[in-house]
Amino acid sequence: MNEAKRSIGRSGAVIGAVGLVGLMVGGAAGCGEAKSADGCSGKSGTICSWVGLGGEGAFNGDGLSLRQSALYWPMDLRRVSDAGTLETIIGTDEIGDGPDQGSEVTPPGVLGTTVNLNHPTDIQFAPDGTLILAAWHNHKLRRYDPTSQLVEVSCGKGPGFKGDGGPAAAALLNQPKSIALSARTGDLFLVDTRNFRVRRIAADAPQNIDTVVGNGMPGFSGDSGPPALAQLQFQKPVDNPEPGGAIALDDQDRLYIADTENQRIRRVDFQANVIETVVGNGTAGFSGDGGPATAASIAYPRDIEIGPDGRLYIADSDNHRIRAVELTTGIITTVAGNGVAGGTGDGGPATEASLKRPFGIAFDRNGDLYIADTFNNLIRKVAR
């Protein structure tokens, strides 16, 4: 995997990051608020390229319009302000782990543009506007204050596994890839990839961390039983795998997990203390559209989101598709991608377009779908 790093964008920003993350960022506007000269028609179900030059991945500087800005393997996406340009808020031109002096580990932190990163993979916004960043190869979570523009480490001194039952600030993580915030409690959930666990950081002081899913051993087991005893498998057991694993919460605080190497989406009901498979038959492939999601084949799902329509959306990465599951009926369908790796189809129906290993998905407040079309180095938009 290419180690070249990219930063995370500032107000008015969307950005491709590191061989991994993607979109971001500042301000209160929802994703998609910025206007771009990409010809997106807004006709329901049509797809267009919204951010990026396409072609080879690159970084060509800040201050450019969305379609003039090169991306490098966009992996995730969230929000962009009305300005419609890209600026850096976290990151430098160097691969690393924070500023050399390590001063971001003590409050109030350091200026975001002095912080070296190594493979940021996910971002979330807290209700107060604070940005939370998972840096996969840094084994840390960082928080960015948009007012002060300062960054500090909030969890992780890794790599390793330590800290359950104690303050998150003292814990060790091993490649945290995906994060999710509970709108009900404010608790933060994270995929601790190489520890084969999902951990939870309590919102209340002293913000303790605990394992809530996974027994720490790679594999597949545990359906219909307690989530803490289940086995998960997020990425291949090699030195430098592609990042796997993703999580999302529904409005009942049930946790959905993209169990990537197990070719399944699993759901945890914490009140019932049960984990179960809701998508995928365990075999990598493509099948099942129009039928029960549990009988369908998916291929290395790398992101999931609960859409504004209540459906579960899946970046079915190696099928070059985005699929959706109606959770009340369990029926799965394709909503974008024709299954052929490519970058065609702008201006037409999303289901007839070609994608190339999409790794990330998100929605704006209007219900439009955004796709990190990762290997095309584009962000594409599907009108609601």
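Criteria and thresholds
Counting restarts for each chain: residues are numbered from 1 in the order of the written sequence. For this predicted model, a pLDDT threshold of at least 70 governs which residues receive local features, and a threshold of 80 or more governs which side-chain atom pairs are given and counted, while totals over whole chains, interfaces and linings are taken from all residues. Where side-chain values are given, they derive from all heavy atoms of the structure, hydrogens and water being excluded. Helix and strand assignments come from DSSP, with helices taken as H or I runs of at least 4 residues and strands as E runs of at least 2, each series counted from the N terminus. Using a 1.4 Å probe on the protein chains alone, a residue whose accessible area is under 20% of its type maximum counts as buried, one over 50% counts as exposed, and one in between counts as partly exposed. Two residues qualify as a contact provided that any one of their heavy atoms is within 4.5 Å of a heavy atom in the partner residue. Note on areas: Shrake-Rupley, 1.4 Å probe, and residue coverage restricted to the protein chains presented here. For two strands to be treated as a pair, DSSP must find no fewer than two bridges joining them. The axes are straight lines fitted to the C-alpha atoms, using for helices just the contacting stretch, and the angles between their N-to-C directions are given from 0 to 180°. Note on definitions: salt bridges are taken to be side-chain nitrogens of Lys or Arg within 4 Å of carboxyl oxygens of Asp or Glu. Think of a polar contact as two N or O atoms within 3.5 Å of one another; within protein, one of them needs to be a possible hydrogen donor and the other a possible acceptor, and neighboring residues in sequence only count if both atoms come from side chains.

Which parts of the structure should I look at to understand the overall build of the protein chain?
When its secondary structure is counted, the protein chain shows 0 helices and 23 strands. A burial count over the protein chain gives 59% of its 384 residues as buried. For the protein chain, the proportion of contacts with a sequence separation of at least 24, taken over those separated by at least 6, is 52%. Of the roughly 14,000 Å² that the protein chain leaves accessible, carbon and sulfur atoms contribute 48%.

What's the story with the environment of Q271 in this structure? I'm lost.
With respect to the helices, strands and loops of the structure, Q271 is situated in the loop between strand 15 (264–269) and strand 16 (274–279). Using a relative accessible area of 82% as the deciding quantity, one classes Q271 as exposed. Between the C-alpha atom of Q271 and that of D253, which follows or precedes it by 18 residues, the distance is 9.3 Å.

Looking at this structure, how should I read the sheet that holds strand 17 (residues 301–306)?
Strand pairing in a sheet takes place through backbone hydrogen bonds and is either antiparallel or parallel in direction. Taken in spatial order, the 4 strands line up as 17-18-19-20 in an open sheet, and their pairing is antiparallel. Whereas interior strands pair on both sides, the edge strands pair on one side only; in this sheet they are strand 17 and strand 20 (331–336). On average, adjacent strands in this sheet sit at an angle of 25° to one another, irrespective of strand direction.

Would you take a moment to explain the pattern of salt bridges for this structure?
Evaluation of the coordinates by the stated rule reveals 18 salt bridges. Across the pair D97 and K140 runs a salt bridge, and its minimum N-O distance is 2.8 Å. Note that D97 is positioned in the loop between strand 3 (88–90) and strand 4 (110–111) and K140 in strand 7 (residues 140–145), a separation of 43 residues in sequence. With relative accessibility at 10%, the residue K140 sits in the buried group. A salt bridge links D309 to R311, with the shortest nitrogen-to-oxygen separation between them at 3.0 Å. On the basis of relative accessible area, R311 is assigned to the partly exposed category, the value being 22%. Several salt bridges share partner residues, and in doing so they unite D97, E104, K140 and R142 into one network.

Explain the sheet that holds strand 13 (residues 246–249) here, please?
Strand order in this open sheet of 4 strands is 13-14-15-16, and the pairing throughout is antiparallel. Among the strands making up the open sheet, the edge pair consists of strand 13 and strand 16. Averaged over neighbouring strand pairs, the angle between their axes works out to 25° when direction is ignored. Here 5 bridges tie strand 14 (residues 255–259) to strand 15, and the two strands are oriented antiparallel to one another. In the sheet register, A258 faces strand 15, and the bridge partner there is I265.

What is the right way to look at the pairing of strand 22 (residues 369–373) in this model?
Remark: a regular strand shows side chains that alternate across the two faces of the sheet. Among the 5 residues in strand 22, 5 count as buried, and that is most of the element. What you see with strand 22 is no split at all: L369, I371 and D373 on one side and Y370 and A372 on the other are buried throughout. Between strand 21 (residues 360–363) and strand 22, which pair antiparallel one after the other, the connecting turn spans 5 residues, and G367 there sits at a positive phi close to 95°. Bridging between strand 22 and strand 23 (residues 378–382) involves 5 bridges; their strand directions are antiparallel. Paired with L369 across the strands is V382, a residue of strand 23.

What's the story with the side chain of D259 in this structure? I'm lost.
Mapping D259 onto the fold places it in strand 14. Residue D259 is classed as buried on the basis of its relative accessible area, which comes to 0%. Of the polar contacts made by the side chain of D259, one reaches the backbone nitrogen of Q233; its length is 2.9 Å. In this view, D259 contacts F220, Q231, L232, Q233, F234, R264 and R266; residues no more than four positions away in its chain are not counted.

Help me understand the side chain of T260, please; the structure alone is not making it clear to me.
Looking at the secondary structure, you find T260 in the loop between strand 14 and strand 15. Judged by relative accessible area, which is 0%, T260 ranks as buried. Within polar-contact distance, the side chain of T260 engages the backbone nitrogen of G245 at 2.8 Å. Residue contacts for T260: discarding those within four places in its chain leaves Q233, F234, G244, G245, Y300, P301 and R302.

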